[in-house]
Amino acid sequence: MNDGWVELIDATEIPLGDHRFVEAEGLRLLVHHIAEGYFVTASTCPHQEFEMDRCALTGHVITCTEHGWKFDVRTGAVVAVGDEDSPLPSYRAEVRGARVWAKLF
Ligand code: FES
């Protein structure tokens, strides 16, 4: 740990266009690998707490399969479907060497 930055996963484990579930610091997280890079969000949908680890990414958008809310994984913002006042928590992420880190606190 370093000023809230936490090492999460080997970047090479996540194919482009996919994500992986990790737990760190008591948080349930998804590490997304998209064309713009690696991004970290909560894995739990803010609508009704569905776990989105098996929900597909389309570009930078993840769609919750429960009721179809859509989130921009770069920012956590609701896009198109959902309550814009209930974004998906997101965290700053960096790749250091081959590892993905996120600032979790
Ligand atoms: S629980 Fe995700 S959209 Fe309802």
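Provided above is the structure to which this section pertains.
How each quantity is defined
Residues numbered from 1 in each chain as written. Predicted model: local features only at pLDDT ≥ 70, side-chain atom pairs only at ≥ 80, totals over all residues. Heavy atoms only, no water. Pairing = 2+ DSSP bridges. Helix = DSSP H or I, 4+ residues; strand = E, 2+ residues; numbered from the N terminus. Core = buried A, V, L, I, M, F, W, Y, C linked by side-chain atoms within 4.5 Å. Buried < 20%, exposed > 50% of the residue type's maximum accessible area, 1.4 Å probe, protein only. Contact = heavy atoms within 4.5 Å. Phe/Tyr/Trp six-rings, centres within 6.5 Å; stacked < 30°, edge-to-face > 60°. Lys NZ or Arg CZ within 6 Å of the ring centre and 35° of its normal.

### A short note on the sheet that holds strand S7 (residues 70-72)
Working step 1: Ordered by their spatial adjacency, 3 strands build an open sheet running S5-S6-S7, and the pairing between neighbours is antiparallel. For this open sheet the edge positions go to strand S5 (57-58) and S7, each flanked by a neighbour on one side alone.
Working step 2: Pairing geometry for S5 and strand S6 (residues 61-63), over 2 bridges, is antiparallel. Looking at S6, one finds that Thr58 is bridged to Val61.

### Topic: the nonpolar core
Considering soluble globular proteins, one finds that nonpolar side chains tend to be buried as a cluster.
Working step 1: If you look at the biggest cluster of nonpolar residues, it comprises 15 residues, and the most contacted ones within it are Met52, Ile62, Phe71 and Leu88.
Working step 2: For this core, the elements supplying multiple residues, two or more each, are strand S3 (27-34) and strand S4 (37-42).
Working step 3: Aside from chain neighbours lying at most four places away, what touches Met52 is His19, Leu30, Ser43, Thr44, Cys45, Ile62, Cys64, Phe71 and Leu88.

### Description of the environment of His32
Working step 1: With respect to the helices, strands and loops of the structure, His32 is situated in strand S3.
Working step 2: By relative accessible area, which is 0% here, His32 ends up buried.
Working step 3: For His32 and Glu51, which are 19 residues apart along the polypeptide, the C-alpha to C-alpha distance reads 15 Å.
Working step 4: The contact partners of His32, leaving out residues within four places of it in the chain, are Asp18, His19, Gly37, Tyr38, Phe39, Thr41, Leu57, Ile62 and Val73.

### Re the packing of aromatic side chains
Working step 1: Counting across every chain of the model gives 1 aromatic pair.
Working step 2: Geometrically, the ring pair formed by Trp69 and Phe71 is tilted, given 6.2 Å between the ring centres and 50° between the ring planes.
Working step 3: Judged by relative accessible area, Phe71 falls into the buried class, the value being 0%.
Working step 4: The cationic tip of Arg96 hangs over the ring face of Trp5; the distance from NZ or CZ to the ring centre is 4.8 Å.
Working step 5: A cation over an aromatic ring shows up here: Arg96 above the ring of Trp101, its NZ or CZ 4.6 Å from the ring centre.

Fair warning: the whole summary comes from geometry, so function is off the table for now.
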